[in-house]
Amino acid sequence: MPNISRATALGAATAAVVAAPVLFERLALAASKADPADIKLLNTAVPLERAAVKAYADADATNLLSPQARVVLKSFMADHQAHLDALVAAVTQGGATPSPDTATIPVPTLANELDILNYAYTIERLAASTYLSTIALFKNRDLATTAAAIMGVETTHVALLAEALKKNPAYPSSFVSV
């Protein structure tokens, strides 16, 4: 069974609480003066973040998680909710309507905690690679920086899950591919 330490859980929860207000402010300000193409690009992340929140809520509802894993995954869900809230506010601030869609992420059989953590690992890798693919496309560099900041959170989730899942090594070289 994967081992998620109390320190890891507390660190993950602290990151969500500290980063959310800064991200929200930075994103809303940049969006208020952004090009419509940048707002459209931001809006493409809304369905993914909504899907991540739903996936974590659904995984929690299985009651298959240990208390330690539940704390960590709920903090990841809180991060995704903060990203979703910030993106929706930014898209609105930029004069567009936030996407009402939820991305489809295939759900494997979730029979135990290990299955859930592997599913979370897949979600986080998808989120990290999605943000990575958008950074260079933003005309507004503040929005690019914000996307990179969100990507940093997603890659932290990947690293924590890789460690819990004992994917050895958690990162195989000086260069990481997502």
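Heads up: the structure comes first, above all this text.
Residues numbered from 1 in each chain as written. Predicted model: local features only at pLDDT ≥ 70, side-chain atom pairs only at ≥ 80, totals over all residues. Heavy atoms only, no water.

## With respect to helix H4 (residues 67–93)
Then, number 1: With 27 residues, H4 extends 38 Å between its outermost C-alpha atoms, agreeing within 8% with the 39 Å of an ideal straight helix rising 1.5 Å per residue.
Then, number 2: Positive backbone phi, at 90°, marks Gly95, one or two positions downstream of H4. (Helix = DSSP H or I, 4+ residues; strand = E, 2+ residues; numbered from the N terminus. Expected span 1.5 Å × (residues − 1).)

## Side note on the environment of Leu87
Then, number 1: The topology assignment puts Leu87 in helix H4.
Then, number 2: Residue classification places Leu87 among the buried positions, given a relative accessible area of 1%.
Then, number 3: For Leu87 and Asn43, which are 44 residues apart along the polypeptide, the C-alpha to C-alpha distance reads 7.0 Å. (Buried < 20%, exposed > 50% of the residue type's maximum accessible area, 1.4 Å probe, protein only.)

## Description of unusual backbone geometry
Then, number 1: Look at Asn63: it is not a glycine, yet its phi comes out positive at around 60°.
Then, number 2: Secondary-structure assignment places Asn63 in the loop between helix H3 (45–61) and H4.
Then, number 3: In the Ramachandran plot, Lys166 falls in the positive-phi region, its phi being about 55° despite a non-glycine side chain.
Then, number 4: For Lys166, the position within the fold is in the segment after helix H6 (141–164).
Then, number 5: For Lys166, a relative accessible area of 52% puts it in the exposed group.

## Regarding the nonpolar core
Proteins that are soluble and globular tend to have nonpolar side chains buried together.
Then, number 1: Counting residues in each nonpolar core, the largest one holds 24 residues, and the members touching the most others are Leu73 and Leu161.
Then, number 2: Taken together, the elements giving at least two residues each to this core come down to H3, H4, helix H5 (113–135) and H6.
Then, number 3: Examining the composition of this core, we find that 7 residues originate from one element, H5, more than from any other.
Then, number 4: Excluding residues within four positions of it along the chain, Leu73 makes contact with Tyr56, Leu65, Ile116, Leu117, Ala120 and Leu161.
Then, number 5: With 20 residues, the next largest nonpolar core counts Leu42, Leu87, Ala90 and Ala144 among its residues. (Core = buried A, V, L, I, M, F, W, Y, C linked by side-chain atoms within 4.5 Å. Contact = heavy atoms within 4.5 Å.)

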